[in-house]
Amino acid sequence: MREKKHICVAVLAHVDAGKTTLSEAMLYQSGSIRKIGRVDNQDAFLDNYALEWERGITIFSKQAEFQIGETEITLLDTPGHVDFSAEMERTLQVLDYAILIVSGADGVQGHTKTLWRLLKRYRIPTFLFINKMDQSGTDKEALLAEMKEQFSDGCVDFSKDEDGEYCDADIWENISVCDEKLLETYLEKEQVEEKEICRLIRERKLFPCFFGSALKLQGVTTLMESIDSYTEMPEYPDKFGAKVYKITRDNQGNRLTHMKITGGSLAVRQTLLDTEKVNQIRIYSGEKFKTVDEASAGNICAVTGLNQTYPGQGIGVEKESELPILEPVLNYELKLPEGVSPQTMLPKLRMLEEEEPELHIVWDETLQEIKIQMMGEVQIEILKRLVEERFGVEVEFGTGKIVYKETIADTVEGVGHFEPLRHYAEVHLLLEPGERGSGLVFDTDCSEDILDKNWQRLVLTHLEEKEHVGILTGSAITDMKITLVTGRAHNKHTEGGDFRQATYRAVRQGLMQAQSVLLEPYYEFRLEIPESVLGRAMTDMERMKAACNPPELISQTESRGAMALLTGRVPVAALGDYAKEVTAYSKGHGSLSCTLWGYEVCHNKEEVVEAIGYDPERDVANPTGSVFCAHGAGFVVEWDSVKDYMHMESVLKPKKKAEDADWVPRKMYMEQKPEEERWIGTEEIDSILNQTYNANRRAKNEAGRNNWKLKGRSGGSTASAVTRIYQPKVSKEEYLLVDGYNVIFAWEQLKELAAVNIDSARGKLLDILSNYQGIRGCHLIVVFDAYRVQGHKTEIFDYHNIHVVYTKEAETADAYIEKFAHENGQKYRVTVATSDGLEQIIIRGAGCLLLSARELEQEIAEKNRQLQQDYKESAPAGKSFLLDNLSAAAVEELQRIEEDQDDQKG
């Protein structure tokens with residue numbers, strides 16, 4: 001008696017070859033279902049999605065559980081359409097065995113060969129079922145010969161007749177010739193043991209073939225018996241491992257992670273992925289499932305409670321075995337119905353992106369649009385239906401555009417510097433071209449003596465967290481190695497966000513210097529056409545800039561005549577709807593199958609770049625320049641001048657001598673200031689607030705004040721290399737403190753806005769006060785309550801030209817303002833804007849001025865009115881002529897020239 005075993009088997013086939021029909025027949029024969037469903041009757045056990053019924057194809061891979069003898073089988077039904085080949089390929093990762101269906105009526109088709117190559121790549125033992133043999137015109141011998149030619153000489157007929165005898169009288173001899181060692185044994189003993197057949201199938205030397213009709217249950221029983229007899233359960237390690245192949249959601253919205261356990265076991269409440277725990281383990285069969293407390297190695301299960309998983313992921317011992325995900329090649333604009341906000345729709349679409357990794361959701365910040373990247377047109381229909389069913393929104397799609405990529409052809413050093421006031425970071429990156437298809441590789445080759453290890457790790461994190469775009473079309477960059485070679489941080493002023501800005505700018509500055517290369521996606525195609533139209537096909541491929549192999553004559557049939565095979569690579573953009581043309585000019589006898597080959601140099605770069613019209617220097621989301629600091633203020637340096645200002649030496653050129661008069665190591669923007677000059681910046685305000693009640697006691701704000709002046713300058717390149725002397729401000733300055741929430745709920749327009757969105761009301765108030773500060777010219781501080789926020793510390797930051805304070809836990813805005821007034825009312829001219837009666841009394845007692853919320857609103861309106869009136873009065877009346885704005889000397893010179901010209905004519 002055989003030992004009980006559990007294996008995972010998938011059914012794969014070209015579209016319409018009978019894949020779901022065979023799955024239904026196997027379930028019926030095993031007793032798992034009471035009647036055979038059919039896709040065209042919309043009652044198939046596995047194709048239970050409405051669109052699958054309508055289109056008659058499998059769209060999502062599904063599983064069913066049944067048993068044959070002592071063998072428990074998890075059967076996976078995979079999509080056959082080429083647009084869903086990525087989902088099918090992910091399913092291959094979890095298979096023990098596969099059943100590949102060949103249509104007896106059509107023979108070995110293009111996509112069938114693609115599936116065979118994938119099975120060979122993943123080394124999956126395969127059984128072959130030749131379906132539709134009940135149709136007239138099918139030739140068993142010819143089909144077997146074709147499979148031996150197209151697939152392997154190991155294809156052997158395992159079919160049985162009605163009496164249970166093998167149809168092939170020489171079956172044992174044909175099996176033995178698949179392996180030299182077995183052939184020697186067979187010649188001696190004239191028999192083949194079952195375990196030897198198992199070994200040959202496992203080693204992909206033998207491929208049992210079964211001829212029959214799934215619809216009429218012919219040959220299905222023989223196939224199932226052979227699976228029971230000639231399969232073996234893999235050996236699994238004791239340590240836990242799992243492969244994730246799919247993410248879905250159930251009808252209640254629960255996130256399901258579909259995985260195969262490849263080592264140890266998985267139990268409910270077990271911790272995976274840091275802190276996430278397994279809430280439930282489900283074993284699905286069709287739409288139904290049963291829950292179990294533990295899943296052992298070899299089981300396919302769906303797990304709830306995990307939010308960080310993704311298709312293709314390896315967990316535990318499988319962590320290093322993750323496979324790359326096929327990338328989409330077409331880009332579509334998503335058109336939302338009127339009244340639906342893109343910002344609202346974006347997080348919902350992200351849920352679908354989790355489930356389908358080949359579906360990329362891209363948010364265009366500039367155009368405020370959602371772009372969808374996918375594999376083909378069939379996916380559009382699926383996505384439209386999913387969005388309507390899940391979220392009740394009917395969406396449309398624009399015309400599909402090619403997803404281009406960019407790389408570089410030479411090695412450059414990119415420099416990014418970010419140094420606005422009280423911030424500092426500089427990053428040098430080495431950008432090197434990589435092999436085609438290598439993607440992006442990030443590394444560091446920087447001494448920890450120059451840049452601390454923590455900062456280096458942060459730079460690598462910032463490189464990985466974002467999709468960096470090229471400078472030709474704004475497409476994502478790829479196929480290059482980016483290495484951190486040097487950098488600098490400041491002991492007091494550097495924050496994590498500074499290195500983010502410096503890193504992004506270094507990448508962009510490097511790309512601006514480099515010789516950029518535009519890449520486009522290519523298909524690997526296989527075109528089978530009648531020999532009579534081969535010339536037409538080769539002419540078309542030449543027109544489409546395809547790289548073709550020499551044509552081959554592959555077969556000859558009565559119905560189609562001599563058939564030719566043309567293979568090669570062709571740009572996706574050029575191919576378009578060529579499959580429809582093939583069908584037309586070959587009168588239905590030709591077939592075109594394509595698989596994504598990868599990216600290569602674009603065949604019409606200039607045309608594409610001009611059509612897209614991308615300007616890298618106008619891309620505000622990806623700046624090419626850097627920010628440096630002089631006289632307490634930041635200023636932008638364009639990308640082509642950054643290396644004149646950078647603080648660190650370049651790694652690509654030898655260090656030049658400082659005495660070289662033609663070379664300046666950095667711009668002298670820290671020249672000495674006159675001894676009598678005084679200047680003040682925002683840090684003095686932080687000093688005042690710090691003195692108030694230590695609200696801003698943070699290391700990064702305890703650096704030198706802006707109202708210091710330079711006394712001397714050393715040869716160093718950072719701010720710490722200068723000596724500074726503190727001089728207190730003599731003049732009495734004006735401060736306006738605004739009780740933020742008091743004003744918001746006192747002004748009618750802000751009160752109405754706050755009822756809808758308090759964040760919008762806060763932002764509107766800050767914008768109004770920023771404009772008002774520009775007119776009034778005082779130091780303006782807006783204070784908001786955060787006293788109910790548990791654990792909140794006082795937060796102070798600048799919003800354009802004003803200062804914003806969020807109070808700490810258990811402190812109201814009133815208390816903050818009152819303390820500020822008490823401490824600084826005599827030293828500065830302080831005005832407080834509030835309508836709180838008790839607070840007004842306290843403020844008056846501290847010697848400060850008062851404005852009610854209503855008075856502040858009226859004063860702002862009056863200032864705006866006066867500004868508009870002054871502008872109108874200062875605008876010149878009537879027409880404006882060029883000579884009116886010229887100096888007297890310039891007018892005289894023009895008159896002299898005119899006289900000279902007149903004399904010459906005379």
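Quick notes on the rules
- Within each chain, residues carry numbers counting from 1 in the order of the written sequence.
- Where totals are concerned, whole chains, interfaces and linings use all residues; where local detail is concerned, this predicted model gives features only for residues with pLDDT of at least 70, and gives and counts side-chain atom pairs only at 80 or more.
- Remark: hydrogens and water are excluded; side-chain values derive from all non-hydrogen atoms of the structure.
- Starting at the N terminus, helices and strands are each numbered in turn, a helix being any DSSP run of H or I of at least four residues and a strand any DSSP run of E of at least two.
- Each residue gets one of three labels from its accessible area relative to the maximum for its type: buried under 20%, exposed over 50%, partly exposed in between, using a 1.4 Å probe on protein chains only.
- By definition, residues are in contact when any of their heavy atoms lie within 4.5 Å.
- To obtain an axis, a line is fitted to C-alpha atoms, over the contacting stretch when the element is a helix, and the angle between two such axes runs from 0 to 180 degrees between their N-to-C directions.
- Here roughly perpendicular refers to angles of 65 to 115 degrees, roughly parallel to angles under 35, roughly antiparallel to angles over 145, and oblique to all remaining angles.
- Here is the rule for handedness: rotate from the far helix to the near one, and if that takes an anticlockwise turn smaller than a right angle the crossing is left-handed, while a clockwise turn gives right-handed.
- Just so you know the grouping, Ala, Val, Leu, Ile, Met, Phe, Trp, Tyr, Cys and Pro go in nonpolar, Asp, Glu, Lys and Arg go in charged, and all remaining residues, Gly too, go in polar.
- The score called pLDDT rates the predictor's confidence residue by residue, from a low of 0 to a high of 100.
- Here, strands pair whenever DSSP counts at least two bridges between them.

Novice: Give a detailed account of the overall build of the chain, specifying residues and quantitative values.
Specialist: Scanning the chain for helices and strands turns up 26 helices and 43 strands. Within the span of the chain, comprising 906 residues, buried residues form 48% of the whole. Of all intrachain contacts in the chain linking residues separated by at least 6 positions in sequence, the fraction that spans at least 24 positions is 69%.

Novice: Could you give an account of the packing of helix α12 (residues 453-465) against helix α13 (residues 496-513), naming the residues involved and the relevant values?
Specialist: Where α12 contacts α13, the two axes come as close as 9 Å, and the packing angle between them is 55 degrees. If you check the angle between α12 and α13, you find them oblique. Relative to α13, α12 is oriented so that their crossing is right-handed. Facing α12, whose interface residues are Trp 455, Leu 458, Val 459, His 462, Leu 463 and Glu 465, α13 presents Gly 496, Phe 499, Arg 500, Thr 503, Tyr 504 and Val 507. Grouping the constituent residues of the contact of α12 with α13 by class yields 7 nonpolar, 3 polar and 2 charged.

Novice: Talk me through unusual backbone geometry; I want residue IDs and the actual numbers.
Specialist: Positive phi, close to 65 degrees, is recorded for Lys 132, a residue that is not glycine. Secondary-structure assignment places Lys 132 in the loop between β5 (126-131) and α5 (140-150). When its relative accessible area of 21% is taken as the criterion, Lys 132 is described as partly exposed. A positive phi angle, close to 75 degrees, is found at Arg 269, a residue other than glycine. Along the chain, Arg 269 turns up in the loop between β10 (265-267) and β11 (271-272).

Novice: Requested: an account of the confidence of the model for the chain, with residues and values cited.
Specialist: Residues of the chain with pLDDT of at least 70 account for 82%, and the chain-wide mean is 81. Confidence drops under a pLDDT of 50 for residues 48-53, and excluding neighbours within four residues, the segment shows 26 contacts in the predicted structure. Within the model, the stretch residues 55-59 combines pLDDT values under 50 with 23 contacts to residues more than four positions away or in other chains.

Novice: Quick rundown of the packing of helix α1 (residues 19-30) against helix α9 (residues 220-230)? Include the residues and the values.
Specialist: Taken N-terminus to C-terminus, the directions of α1 and α9 make an angle of 75 degrees; their axes are 10 Å apart at the nearest point. On the basis of their axis angle, the class for α1 and α9 is roughly perpendicular. Residues Leu 22, Ala 25, Met 26, Gln 29 and Ser 30 of α1 lie in contact with α9, whose contacting residues are Val 220, Thr 221, Leu 223, Met 224 and Ile 227. Across the contact of α1 with α9, the residue classes tally to 7 nonpolar, 3 polar and no charged.

Novice: Provide a residue-level description of the sheet that holds strand β39 (residues 779-784), including the pertinent values.
Specialist: Spatial strand order, β40-β41-β39-β38-β42-β43: 6 strands in an open sheet with mixed pairing. Among the strands making up the open sheet, the edge pair consists of β40 (795-799) and β43 (849-851). Across this sheet, the average inter-strand angle for adjacent strands is 25 degrees, counted without regard to direction. When strand β42 (residues 829-833) meets β43, the two strands line up parallel, connected through 3 bridges. Its bridge partner lying in β43, Thr 831 is registered against Leu 849. Against the sheet, helix α22 (residues 758-776) makes contact with β38 (734-739), β39, β40, β41 (802-806), β42 and β43, and its axis sits at roughly 165 degrees relative to β39, the strand it touches most. Relative to β43, helix α25 (residues 853-874) is tilted by about 80 degrees, and along the sheet it contacts β38, β42 and β43.

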